[in-house]
Amino acid sequence: MPFFSQIGTIFIKNQGNYHFYSTMKKQCLECKEEFHGRADKKYCSTSCRSAAHNRLNRDAINFVRNINNILGKNRRILADLNPDGKARVHKDKLLAEGFKFSYFTNIYQTKNGNTYYFVYDYGYLELEGEYYTLVRRQSYVE
Ligand SMILES: [Zn+2]
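No experiment lies behind these values; they were computed from the predicted model shown. All residue numbers here refer to positions counted from 1 along the written sequence of the relevant chain. Local features in this predicted model are restricted to residues of pLDDT 70 or higher, and side-chain atom pairs are both shown and tallied only at a pLDDT of 80 or more, whereas totals for entire chains, interfaces and linings draw on every residue.

We now examine the overall build of the protein chain. Within the protein chain, the regular secondary structure consists of two helices and nine strands. Secondary structure counts use DSSP, requiring at least four H or I residues in a row for a helix and at least two E residues in a row for a strand, with both numbered from the N terminus. Listing the helices and strands of the protein chain from first to last along the sequence gives β-β-β-β-α-β-α-β-β-β-β. Of all 142 residues assigned to the protein chain, the portion counted as buried reaches 11%. Contact criterion: two residues are in contact if their C-beta atoms, reconstructed from the backbone, are within 7 Å. Sequence separation of 24 or more characterises 28% of the internal contacts of the protein chain that already satisfy a separation of 6 or more. Counting other C-beta atoms within 10 Å of a residue's own tells you its class, since 20 or more makes it buried, 12 or fewer makes it exposed, and anything in between is partly exposed; those C-beta atoms are placed from the backbone.

The next thing to look at is the nonpolar core. Here is a general trend for soluble globular proteins: nonpolar side chains tend to be buried in one another's company. One finds Ile77, Leu78, Leu94, Phe99, Phe104, Val119, Tyr122, Tyr124, Tyr132 and Leu134 forming the largest nonpolar core, which totals 10 residues. Elements with a contribution of two residues or more to this core: helix H1 (46–81), strand S8 (122–126) and strand S9 (131–136). Once residues within four sequence positions are removed from consideration, valine 119 is found in contact with Leu71, Asn74, Arg75, Leu78, Phe104 and Thr105. For this analysis, nonpolar core means a set of buried Ala, Val, Leu, Ile, Met, Phe, Trp, Tyr and Cys residues linked through C-beta atoms within 7 Å.

Two strands pair under a simple rule: DSSP has to find at least two bridges between them. Spatially, five strands are ordered S5-S9-S8-S7-S6 in an open sheet, and the strand pairing comes out antiparallel. Looking at the sheet topology across the chains shown, the edges are occupied by strand S5 (86–90) and strand S6 (106–109). Averaged over all pairs of adjacent strands, the angle between their axes in this sheet comes to 30°, without regard to strand direction. Relative to strand S7 (residues 115–119), S6 runs antiparallel, the two sharing four bridges. Bridge pairing links isoleucine 107 to tyrosine 117 in S7. Only C-alpha atoms enter the line fits that serve as axes; for helices the fit covers just the stretch in contact. Angles between N-to-C directions range over 0 to 180 degrees.

Moving on to unusual backbone geometry. With phi around 60°, tyrosine 120 is a residue other than glycine that occupies positive phi space. Structurally, tyrosine 120 can be placed in the loop between S7 and S8. Take tyrosine 120: there are 17 C-beta atoms within 10 Å of it, and that puts it in the partly exposed class.

Turning to the pairing of S7, a few remarks are in order. The antiparallel pairing of S6 with S7 creates a hairpin that spans five residues between the two strands, and glycine 113 there sits at a positive phi of about 90°. Bridge count between S7 and S8: four bridges; the pairing is antiparallel. Looking at S8, one finds that tyrosine 117 is bridged to tyrosine 124. The turn linking S7 back onto S8 is made up of two residues, and tyrosine 120 within it adopts a positive phi angle of 60°.

With that settled, consider the environment of glycine 123. With respect to the helices and strands, the residue glycine 123 is situated in strand S8. Of the residues examined, glycine 123 has 23 C-beta atoms within 10 Å and is grouped as buried. Each residue touching glycine 123, except ones within four places of it in the same chain, is listed here: Tyr108, Tyr116, Tyr117, Phe118, Val135 and Arg137.

Here the expected span of a helix is defined as 1.5 Å times the quantity of residues minus one. For H1, spanning 36 residues, the distance from its first C-alpha to its last is 52 Å, which sits close to the expected 52 Å at 1.5 Å a residue. Across the 36 residues that make up H1, only a small minority, three, are buried. Elements in contact with the buried residues of H1: helix H2 (91–96), S7, S8 and S9.

Here we come to the confidence of the model for the protein chain. Per-residue confidence from the predictor is given as pLDDT, running between 0 and 100. Scored by pLDDT, the protein chain has a mean of 89; 87% of the residues are at 70 or more. Element-level pLDDT for the protein chain is lowest in strand S1 (residues 2–6), with a mean of 49, against a maximum mean of 98 in H2. Here residues 1–5 is a poorly scored stretch, pLDDT under 50, and it has 11 contacts once near neighbours within four places are set aside; other chains count.

Put into structure tokens, the structure is as follows:
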């Protein structure tokens, strides 16, 4: 039973909670069908709601997976170019291998102002002339 109404909205008290129902048809965000329902309801049915949530969840999982793949590839590239724990390479070599400089796991700054970028245990430091020193670190740093 309506508690009171505003234009387009009916408030109904049900088990102590107030619900407001839209008197106008709404469009389901998933299947685009029109439906009547609570004003805050976005989907026509449980199946449409879970389909939408599953897709959002899938997008989030893919987003994380894509970044993990990039990080994994970056680490592989650094490992391949640095088999002995220390190496020197030109930026073009890294780029040719598909290295993505925007993706790394942490930064280490030395006391003398050098900034090492790490992809897990493999790191690099930019030198003059677009060269990089590649390093490997064994221990975990806070
Ligand atoms: Zn629907």
